[in-house]
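# Per-entry structural report
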Amino acid sequence: MKRIALLLVLVKLVVVTHAQHPIDPYHYTIQKTFRGKNGAVVSAHPLASQVGVMILKKGGNAVDAAIATQLALAVVYPNAGNIGGGGFFVGHLKEGKNITIDYREKAPGKAHRDMYLKQDGSPDLEKSQNGHLAAGVPGTVAGLFASHKFARLPFKTLIQPAIDLAEKGFVITQAEANALNARKAIFEKYSTRPTAFVRDIPWKGGDTLVQKELAQTLIRIRDKGQKGFYEGETARMIVEEMQRGNGIISYDDLKAYQAVERTPSTFKYKEYDLVTMPLPSSGGVLLPMMMKMTERFPLSSYGYMSPKAVQLMVEIERLAYADRAKYLGDEDFYKVPVKQLLSDKYITERLKLYQSDTAGNSTLIHEGVVEGESEETTHLSVLDKDGNAVSVTTTLNNSYGSFTVVGGAGFILNDEMDDFSVKPGVPNMYGAVGGEANAIAPGKRMLSSMTPTIVLKGGKPYIVVGTPGGTTITTNVYMTLMNLLEFNLSAYDAVNKPRFHMQWLPDQVDIEKNFPEELKAALEKMGYKTRIRGAFGRTELIKVLPDGTMEAVGDMRGDDAAEGW
Ligand code: GLY
């Protein structure tokens, strides 16, 4: 087991040790890998992963643990953990049932197609990305209650650890302190009331972050259920915050919000069965499309990170993302030709555009003809001893969302409206372009890249995986799966080795800093433009070994932690 000790300053002598919640939020370490047989939880924060394991130990199943972990993340990982955002739940229950729950944010009733265009028709991305107008109607709390139908323990039990963490506080890491300090001015700009995240002196690793107002909001949710968020005092506070900051989310928008159980996107890759999130996740179309294309080639024989393998994967990504821009959006509002896009015939046609050994060109490659994200999102993977698996990705969109903290309620609102196409052809914060399919309309869900995924082998959970990272999410999941299923990398390497990403436009291959120099040179020789960028994605992986041991890995790129028992 790899453990990274945190240099934590002891700021409180009080340790939460009462039997119900034996988690110490003032002293903890980040455990990157875990192996065991009883259950595993991997998330963006060690305390949240510990909360999940504690719930498993109390007799909860993977769904209970996923709910409690998400609620804990809403407290200890304000960058992306949330109750003011949205997410996707992918589950496989031990009886064999696959479930997907959509709690993506929705455009408010007063939203309209051109709401982010200035008088001269140019896009106002400041408004779609920051502040009150950037926020979609939050879906997370509705999603947690919709998931609870598949859980075992009372909701009150699952939310209590989050309430305690908010009420009593927890020690922040240096990374969290740096992130909060860097956002002080923007929080002040877009929040109309004092917030727990801003203080006069800079934050440092080891300080305690206490969120009393958030604790009260969580208590209202505990006591009143979904109505504790979408109606009554919390809803009133959201609406008042909107009025102070010229936002448009109304009381009726909140009251009307419903999470939706959708038909999972399922497909076969060789002997594996994959379960992932359908639209409005673009991943539910792009991941099967990319894997169906890949299956036509002997990828593993090309060798891990060989120029031939990377060139093929990059070109497959280019072809898939060209279709994303044209065809994908909320199916409740726009007819998306999913069946055609995933048909063998269409895959064959698309692959006719593939040329080996040379860079493709995104100005020549467009969508096919069919008949008829700073990037802060967060992922958690959970597997319990009975074979229930849960893969959940949730988001505020940007790190700390819109930077608008709901006055009196203590939580951050998302800036998910930027995931719509604010104007055809205008890139969003991830450089992704879109058109009619993803245009803004009242009540519509914006297209997402979140791709929580479960791989089954012989009908049993084999891999539980997902990641944040805006448009790199789907390619990261694809790459991690290829690392495991084709190149036989260890779980640790599959998560932590350098990554690459191509999304059609811009026409370039994004690579991480530690991407091998000689491979970069080989790609450039074939005609590719490469761009080195900061780490992308933070993959949370659980893989089941042949003897049934669960191997869990939290990404080295952040404070991510794997826990279990
Ligand atoms: N906000 C990132 C995504 O949903 O793709």
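A few points on the structure. Because the structure is predicted, anything quoted here is derived from the model rather than measured.

### Some points on the environment of T266
By the secondary structure assignment, T266 is in strand 10 (residues 265-269). What T266 contacts, discounting residues up to four positions off in sequence, is N98, L274 and V275.

### A word on the sheet that holds strand 11 (residues 272-276)
The 7 strands are arranged 3-20-19-15-14-11-10 in an open sheet whose pairing can be described as antiparallel. Where the open sheet ends on each side, the last strands, each with one partner, are strand 3 (33-36) and strand 10. With strand direction ignored, the average angle separating the axes of adjacent strands in the sheet is 20°. Where strand 15 (residues 460-466) and strand 19 (residues 540-544) come together, 4 bridges link them in antiparallel fashion. Bridge pairing in strand 19 places V464 opposite I542. Packing of helix 12 (residues 283-294) onto the sheet brings it into contact with strand 10, strand 11 and strand 14 (453-457), and relative to strand 10 it is tilted by some 10°.

### Describing the pairing of strand 20 (residues 550-554)
The buried fraction of strand 20 is high, at 5 of 5 residues. The two faces of strand 20 match: M550, A552 and G554 on one face and E551 and V553 on the other face are all buried. The sheet contact formed by strand 19 and strand 20 spans 5 bridges and is antiparallel. Among the inter-strand pairings, V544 is bridged to a residue of strand 20, identified as M550. Counted between consecutive antiparallel strands, the loop separating strand 19 from strand 20 contains 5 residues, among which G548 sits at a positive phi close to 95°.

### Quick word on the pairing of strand 10
Here strand 10 shows one buried face, formed by S265, F267 and Y269, and one open face, formed by T266 and K268. By the bridge criterion, 5 bridges tie strand 10 to strand 11 in an arrangement that is antiparallel. Bridge assignment links F267 to a residue of strand 11, and that residue is L274. Between the antiparallel neighbours strand 10 and strand 11 lie 2 residues, among them K270 with a positive phi of about 50°.

### Some points on the packing of aromatic side chains
All chains considered together, the criterion is met by 11 aromatic pairs. With a centroid separation of 5.7 Å and 65° between ring planes, the pair formed by Y304 and F487 is classed as edge-to-face. Classification of Y304 as partly exposed rests on a relative accessible area of 27%. One aromatic cluster is present, built from ring pairs that chain together F187, F197, Y400 and F403. Sitting over the face of the ring of W203, R199 holds its NZ or CZ atom 4.2 Å from the ring centroid. The ring of Y302 is capped by K308, whose NZ or CZ atom sits 4.8 Å from the centre of that ring.

### Digging into the nonpolar core
If you look at the biggest cluster of nonpolar residues, it comprises 87 residues, and the most contacted ones within it are L71, V75, I83, L218 and F411. Top element by residues in this core is helix 2 (residues 62-76). It accounts for 12 residues. V75 has contacts with A162, L165, A166, F170, Q211, L214 and L218, leaving out every residue within four places of it along the chain. Counting residues in hydrophobic clusters, the runner-up holds 68 residues, among them L287, M293, V455 and I463.

### Points about the packing of helix 14 (residues 307-327) against helix 17 (residues 472-485)
At a closest axis distance of 12 Å, the pairing of helix 14 and helix 17 adopts a crossing angle of 145°. In the packing of helix 14 onto helix 17, the handedness of the crossing is right-handed. For the pair helix 14 and helix 17, contact is made by M313, I316, E317 and Y321 and by T474, T475, Y478, M479 and M482, respectively.

### Some points on the sheet that holds strand 12 (residues 376-384)
Here we have 7 strands laid out as an open sheet, ordered 9-6-5-13-12-4-21, and antiparallel in their pairing. Unpaired on one side and paired on the other, strand 9 (260-262) and strand 21 (561-564) mark the two borders of the sheet. Each strand axis lies, on average, 15° off the axis of its neighbour in the sheet, ignoring direction. Sheet analysis places strand 5 (residues 86-92) next to strand 13 (residues 389-397), joined by 7 bridges and oriented antiparallel. Within the sheet, the bridge partner assigned to F89 lies in strand 13 and is V392. Relative to strand 4 (residues 39-43), helix 1 (residues 46-57) is tilted by about 155°, and along the sheet it contacts strand 4, strand 12 and strand 21. Contacting strand 4, strand 5, strand 6 (98-103), strand 12 and strand 13, helix 2 crosses the sheet at an angle of about 150° to strand 12.

What counts and what doesn't
- Residues numbered from 1 in each chain as written.
- Predicted model: local features only at pLDDT ≥ 70, side-chain atom pairs only at ≥ 80, totals over all residues.
- Heavy atoms only, no water.
- Helix = DSSP H or I, 4+ residues; strand = E, 2+ residues; numbered from the N terminus.
- Contact = heavy atoms within 4.5 Å.
- Pairing = 2+ DSSP bridges.
- Axes fitted to C-alpha atoms, helices over the stretch in contact; angles between N-to-C directions.
- Buried < 20%, exposed > 50% of the residue type's maximum accessible area, 1.4 Å probe, protein only.
- Phe/Tyr/Trp six-rings, centres within 6.5 Å; stacked < 30°, edge-to-face > 60°.
- Lys NZ or Arg CZ within 6 Å of the ring centre and 35° of its normal.
- Core = buried A, V, L, I, M, F, W, Y, C linked by side-chain atoms within 4.5 Å.
- Left-handed = near helix turned anticlockwise from the far one by under 90°.

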